[in-house]
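Inside the fold
One-letter residues, chain by chain:
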Amino acid sequence: MLLARLARPFAVAAALLAAQPVLAVAPSLLVPSSLPYNVYRGDSLLGEGKISLKPASSPDCWFYSQEASPKGWLKMLSGDVLEQSNFCLVDNKIRPVAYRYSRDGVGSSKENFSLRFDWAKSQAIYQNGDVRPVTEGTLDRLSIQLALRDWLLTERAATGKEPSGEHEVKFADRKKVDSYRFEVRAHERVTVPAGSFDTVRLDRTDSKTRRAQFWLSPEHGYIVIKAEQQRDDDPVVKLMLSKMPPELVAVPVKPD
């Protein structure tokens, strides 16, 4: 069950646009890559994860995926986690096409779901037949990561400064169309297995019982370097980048 919640830190962040149509996609956002992560519960290593982005066969369409694999006896309980988003660029904006969340192990049948978007009818259609209305700019649970990065990249390009303030994003979740709100709270240097990085820290601000924080690297297109999530008094679940892929070349960022 612990690793079933692994996808949440990214999916929540997640991470977080203003509640308005998605801004035009920044040129450096869509770089094919595969990012490896270590997953921890407290200080104990639970397993490994990976976030991948690759082009689809259709023009201007992409596959975005997130995987988690627990180690040892936890694999029998939690099983592997796979989260997939298929999206396209329409008028240079992210528009989700389909989404799937799949987990093996105990209790997985209550969590697994998939959906597709019918934008002609402004609907999200779920695998169980449920249909929910969506508005332009609504994302799936995984593509909000890209929306967050896109917002930060576009804002920085427009102003020449690191973005600040609070931002909200709407997305189609398992049972409803939901929203989360995050705020840029700090600029911190963090050390993870992949090395030390200057980061922007985002904190979730719309919940008193669920803490979520994300450390993103401006020099690498705001990819997630580290993420933490905690529900009530449960142990903190952490994700840390284990290796920086060579395709993500650092671009120095001038201080404000």
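Data block above holds the structure.
In this report, the structure presented in the accompanying data block is examined.

Okay, the nonpolar core next. Nonpolar side chains in soluble globular proteins generally cluster together in the buried interior. Among the nonpolar cores identified, the biggest contains 57 residues, and Phe-87, Leu-216, Ile-225 and Leu-241 are the most heavily contacted of them. For this core, the element with the highest residue contribution is helix α3 (residues 144-159), accounting for 7 residues. Setting aside residues no more than four positions away along its own chain, Ile-225 makes contact with Tyr-37, Val-190, Val-192, Phe-197, Thr-199, Trp-215, Leu-216, Ser-217, Leu-239, Met-240, Leu-241 and Met-244.

Below, the discussion takes up the side chain of Ser-85. Tracing the sequence through the fold places Ser-85 in strand β4 (residues 81-90). Of note is the side chain of Ser-85, whose polar atom sits 2.6 Å from the side chain of Asp-140.

This structure, assessed with the given rule, holds 5 aromatic pairs. Taken together, a centroid distance of 5.5 Å and an interplanar angle of 5° make the contact between Phe-117 and Trp-119 stacked. As far as burial versus exposure is concerned, Phe-117 and Trp-119 are alike and both buried. Taken together, the aromatic side chains of Tyr-99, Phe-113 and Tyr-126 make up a single cluster linked through ring pairs. Over the face of the ring belonging to Tyr-101 we find Arg-141, whose NZ or CZ atom lies 5.0 Å from the ring centre. Just above the ring of Trp-215 sits the side chain of Lys-226; from NZ or CZ to the centre is 4.6 Å.

A few words now on the state of the cysteines. In this structure the tally under the stated criterion is 1 disulfide. Across the disulfide, Cys-61 is cross-linked to Cys-88 (sulfur-sulfur distance 1.9 Å). Its S-S torsion of approximately 100° makes the covalent link between Cys-61 and Cys-88 right-handed. One end of the pair, Cys-61, is in strand β3 (residues 61-70); the other, Cys-88, is in strand β4, with 27 residues separating them in the sequence.

Per the stated rule, a full pass over the model turns up 16 salt bridges. With a closest N to O distance of 3.5 Å, Asp-130 and Arg-132 form a salt bridge. By relative accessible area, Arg-132 is classed as buried at 17%. Here Arg-185 ties to Asp-203 by a salt bridge, and the two come within 3.7 Å at their closest N and O atoms. Separated by 18 residues along the polypeptide, Arg-185 in strand β11 (residues 177-192) and Asp-203 in strand β12 (residues 195-204) bring together distant segments of the chain. Three or more residues joined by partner-sharing salt bridges are found here, namely Glu-183, Arg-185, Glu-188, Arg-201 and Asp-203.

Its 16 residues give α3 an end-to-end C-alpha distance of 22 Å, which sits within 8% of 22 Å, the value for a rise of 1.5 Å per residue. A positive backbone phi angle near 75° is found at Gly-160, which sits one or two residues after α3.

The subject of this paragraph is the side chain of Asp-203. By relative accessible area, Asp-203 is classed as buried at 7%. A polar side-chain atom of Asp-203 sits 2.7 Å from a polar atom in the side chain of Arg-201. Look past the residues within four positions of Asp-203 in its chain and what remains in contact with it is Arg-181, Phe-182, Glu-183, Arg-185, Ala-212 and Gln-213.

Conventions used here
For every chain, the first residue of the written sequence is number 1, and numbering continues from 1 along that sequence. Since the coordinates come from a predicted model, pLDDT governs what is reported: local features require at least 70, and pairs of side-chain atoms require 80 or more to be given and counted, while whole-chain, interface and lining totals use all residues. To obtain the side-chain values, all non-hydrogen atoms of the structure were included, while hydrogens and water were left out. Here, nonpolar core means buried Ala, Val, Leu, Ile, Met, Phe, Trp, Tyr and Cys residues that are tied together by side-chain atoms lying within 4.5 Å of each other. Buried residues are those whose accessible area, probed at 1.4 Å on protein chains only, stays under 20% of the maximum for their type, while exposed residues exceed 50% and partly exposed ones sit between those limits. Strands here are runs of E lasting at least two residues and helices are runs of H or I lasting at least four, both read from the DSSP assignment and numbered beginning at the N terminus. Contacts are residue-level and defined by heavy atoms, with any inter-residue pair within 4.5 Å sufficient. Distance and chemistry together define a polar contact, namely a pair of N or O atoms within 3.5 Å, with one atom able to donate a hydrogen and the other to accept it when in protein, and with adjacent residues in sequence counting only for side-chain atoms on both sides. Each Phe, Tyr or Trp ring (for Trp, its six-membered ring) is paired with any other whose centre lies within 6.5 Å, and the angle between the two planes then decides the class: stacked below 30 degrees, edge-to-face above 60, tilted in between. Distance and angle both matter: a charge sits over a ring if NZ of Lys or CZ of Arg is within 6 Å of the ring centre and within 35 degrees of the ring normal. Two cysteine sulfurs form a disulfide in these notes if their separation is within 2.5 Å. Between Lys or Arg on one side and Asp or Glu on the other, a salt bridge is scored when a side-chain nitrogen of the former is within 4 Å of a carboxyl oxygen of the latter. By this rule the span expected of a helix is its residue count minus one, scaled by 1.5 Å.

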